[in-house]
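The lines below spell out each chain.
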Amino acid sequence: MDRKKCCVKLSVQPSRGLVDEKFVILVQNVPPGSQVTVHASYKCEDGHSWEAFAHYNANTAGTVNVSEDPSLGGTYSGVEPMGLLWSLRPVPGSKPGLRMRKVNVQTPMEVTISVYQGHQTEGFVDQVPLGSVVVERWYMAPGVRRIPITEGGLTATLFLPSGPGPFPGLLDLWGGGGKLVEYRAALLASHGIASLALDYLTAEIVMETGKAVDNQYFETAYRLLEQHPQILGSRIAMLGLSLGTSVTLNMAVYSKVMKLRCVVCVSGSHVQAADGSLEQILACFDENADKTRFTEENQIIVRDLLLPIPTDPKLKTDVGRLQCPLLLVVGEDDQNYPAHESAMDMKDMMERVGNGHLLTVLSYPNAGHLIEPPYTPHVRVSAFKSASIGRQKLMALWGGETVAHSRAQEDAWRKMLIFLRENLYGGRNPSATSFSHFHCNQGNN
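The shown structure was predicted, so the numbers you read here are calculated from the model rather than taken from an experiment.

A few points about the overall build of the chain
Part 1 of the argument: When helices and strands are counted, the chain shows eight helices and 21 strands.
Part 2 of the argument: At 23 Å, the chain has a C-alpha radius of gyration in line with the 22 Å of a compact globule built from 445 residues.
Part 3 of the argument: By principal-axis analysis of the C-alpha atoms, the chain measures approximately 75 × 55 × 45 Å.
Part 4 of the argument: Across the chain, the fraction of contacts at a sequence separation of at least 24, relative to all contacts at a separation of at least 6, is 71%.
Part 5 of the argument: In the form shown here, the chain has an accessible surface area of approximately 18,400 Å², with 50% of it arising from carbon and sulfur atoms.
Part 6 of the argument: When the 40 basic and 44 acidic side-chain charges of the chain are each reduced to a single mean position, those positions are 4 Å apart.

Points about empty space enclosed by the protein
Part 1 of the argument: In this structure the tally under the stated criterion is five cavities of 30 Å³ or more.
Part 2 of the argument: Looking at the largest cavity, it is lined by 13 residues, and the ones nearest its centre are Met 109, Tyr 139, Tyr 375, Thr 376 and Pro 377.
Part 3 of the argument: Classifying every residue of the lining of the largest cavity gives nine nonpolar, one polar and three charged.
Part 4 of the argument: What the second largest cavity holds in volume is close to 90 Å³.
Part 5 of the argument: Taken together, Arg 184, Val 266, Val 329, Ile 371, Glu 372, Pro 373, Gln 409, Ala 412, Trp 413 and Met 416 make up the lining of the second largest cavity.
Part 6 of the argument: The element contributing the most residues to the lining of the second largest cavity is helix H8 (residues 402-424), with four residues.
Part 7 of the argument: When its residues are assigned to classes, the lining of the second largest cavity shows seven nonpolar, one polar and two charged.

Focus on the sheet that holds strand S4 (residues 35-43)
Part 1 of the argument: In spatial order, the strands read S2-S9-S8-S4-S5-S7; together these six strands make up an open sheet with mixed pairing. The sheet is open, and its two borders are formed by strand S2 (16-18) and strand S7 (89-90), each paired with just one other strand.
Part 2 of the argument: Sheet topology note: the S4/strand S5 (residues 49-57) ladder contains nine bridges and is antiparallel. The partner of Val 38 across the bridge, within S5, is Ala 54.

Let's talk about the sheet that holds strand S3 (residues 24-28)
Part 1 of the argument: Strand order in the open sheet formed by three strands is S1-S3-S6, and the pairing between neighbours is antiparallel. Either end of the sheet is taken by a strand with one partner, and the two such strands are strand S1 (9-13) and strand S6 (64-65).
Part 2 of the argument: Where S3 and S6 come together, two bridges link them in antiparallel fashion. Residue Leu 26 lies in a different strand from S6, and its bridge partner there is Asn 65.

Concerning the packing of helix H4 (residues 215-227) against helix H5 (residues 243-254)
Part 1 of the argument: Put simply, H4 and H5 touch, their axes get as near as 11 Å, and they point 75° apart. Compared by their axis directions, H4 and H5 come out roughly perpendicular. Along the contact surface, H4 presents Asn 215, Phe 218 and Glu 219, while H5 presents Val 247, Asn 250 and Met 251.
Part 2 of the argument: Classifying every residue of the contact of H4 with H5 gives three nonpolar, two polar and one charged.

Quick look at a positive patch on the surface
Part 1 of the argument: A surface patch of positive charge is lined by Lys 95, Lys 179, Lys 385 and Lys 393.
Part 2 of the argument: Take Lys 179: it is sitting in the loop between strand S12 (167-173) and helix H2 (183-190).
Part 3 of the argument: Relative accessible area serves as the criterion here: at 62%, Lys 179 is assigned to the exposed category.

Concerning the nonpolar core
Part 1 of the argument: With 140 residues, the main nonpolar core has Tyr 200 and Leu 420 as its most contacted residues.
Part 2 of the argument: If one sorts the elements of this core by residue count, H8 sits on top with eight residues.
Part 3 of the argument: Those residues in contact with Tyr 200 that sit more than four places away from it in its chain are Leu 173, Trp 174, Gly 175, Val 206, Val 213, Tyr 217, Phe 218, Leu 243, Gly 244, Val 247 and Leu 278.

Brief notes about the packing of aromatic side chains
Part 1 of the argument: Per the stated rule, a full pass over the model turns up nine aromatic pairs.
Part 2 of the argument: Aromatic side chains Phe 384 and Trp 398 sit 5.3 Å apart centroid to centroid with 85° between the ring planes, which places their arrangement in the edge-to-face category. Taken as a pair, Phe 384 in strand S20 (residues 381-385) and Trp 398 in the loop between strand S21 (393-397) and H8 lie far apart in primary sequence, 14 residues in all.
Part 3 of the argument: By relative accessible area, which is 2% here, Trp 398 ends up buried.
Part 4 of the argument: By way of ring pairs, the aromatic residues Phe 53, Tyr 116 and Phe 124 are connected into one cluster.
Part 5 of the argument: Across the ring face of Trp 174, the terminal group of Arg 101 is positioned such that the distance to the ring centre comes to 4.9 Å.
Part 6 of the argument: For Arg 184, the ring lying beneath its charged end belongs to Trp 174, and the centroid distance is 4.0 Å.

Analysis parameters
- Residues numbered from 1 in each chain as written.
- Predicted model: local features only at pLDDT ≥ 70, side-chain atom pairs only at ≥ 80, totals over all residues.
- Heavy atoms only, no water.
- Helix = DSSP H or I, 4+ residues; strand = E, 2+ residues; numbered from the N terminus.
- Rg over C-alpha atoms; globule rule 2.2 N^0.38 Å.
- Contact = heavy atoms within 4.5 Å.
- Areas by Shrake-Rupley, 256 points an atom, 1.4 Å probe, with all protein chains shown as cover.
- Lys, Arg positive; Asp, Glu negative; His and termini not counted.
- Charge placed at Lys NZ, Arg CZ, Asp CG, Glu CD.
- 1 Å grid on protein atoms, 1.4 Å probe; cavity = no way out; pocket = protein on both sides within 12 Å on 5 of 7 lines; lining within 4 Å.
- Points joined across faces, edges and corners; volume = space filled by probe spheres on them.
- Nonpolar A, V, L, I, M, F, W, Y, C, P; charged D, E, K, R; others polar.
- Pairing = 2+ DSSP bridges.
- Axes fitted to C-alpha atoms, helices over the stretch in contact; angles between N-to-C directions.
- Parallel < 35°, antiparallel > 145°, perpendicular 65-115°, else oblique.
- Patch = residues over 30% accessible without salt bridge, like charges linked within 9 Å, V, L, I, M, F, W, Y side chains within 5 Å.
- Salt bridge = Lys/Arg side-chain N within 4 Å of Asp/Glu carboxyl O.
- Buried < 20%, exposed > 50% of the residue type's maximum accessible area, 1.4 Å probe, protein only.
- Core = buried A, V, L, I, M, F, W, Y, C linked by side-chain atoms within 4.5 Å.
- Phe/Tyr/Trp six-rings, centres within 6.5 Å; stacked < 30°, edge-to-face > 60°.
- Lys NZ or Arg CZ within 6 Å of the ring centre and 35° of its normal.

Put into structure tokens, the structure is as follows:
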């Protein structure tokens, strides 16, 4: 392919959008039937670079449409419209155990999409592409407001959707790594739900006192949402992932303050001291630390700490007492939590007392623990420093097979948004202004 004779056109539409929004990559004006490689690169805020690539053959019109044409090889194969994002992986030579997570949600992910001559597999930085486009992927839609919260001893960030509101609210809890993780809450606000990202393991009050927060800390966060003038106080949900699930279920069942409209639990368990505190939840892990396993590669498997699922009701949250809809999202290859076994036990518990109608279980074969928003690259193993247990840095085995896990993330996010809308809006759809999308689409040659 002679670059002088060929003016290759590469376009990505939309070139600016939300991270859960699909795009269309089109390569035009290459010789009919020619081999090309479409490549994606992204440099994380931590300085590490990720890449994905796929091999295509142009059609008789000299065109490749990534949304319709099959990849013949690379980091994924087959027809995968968003494969260049979900198959991103650290570039060769990177340190092991990396995980891609956006820290500053007020800036976009800037992904460079390029097209190269021939079917290439390496050395992309040393080659001149036939064309490149920079794509912006945002967690925060235009008009979403980010408000740091310190009142009431909280370490939190509130994201308010664009528009006057009032909006339904959501309390967002992550897992055992601690820190204030904002990107999921920002994305939920981009879909019309006022969301409060809450740090509960490494919050300032914990750093000052050296003690775990009590249940009142979560009730304070709930009250902040309930009393906010732009939030519908009677329409508040709670979302937890991993350890956040334990807290979420505990508060949903036993708190006399929190009157939740619905609950979402991702990759977690109800196995913990009934009506206990965060300190007791963490103590349960410490007591069972001898059940920890390691693979031959020295990757830690934690799921056995909560197995077998106890029959003693004092050792698990009594989900039979739940009075609001519950959505469980489960990866059946989760190596960090016994999420599938826990979901089956919760189903039995709820059906036994006649509130099984409140439960929805989304269970995904070959999906792992870290079920994230769509097109987040699957990470089977990553370096993990628990903010609660031991505090040493380990290589955690999360589980999951890349294609199945990526499918699960896309499906679970779509169904979770539907579940939240149905329960928080009482069946009525929010106004279109709640879903601010980006309308500045650019195509570059």
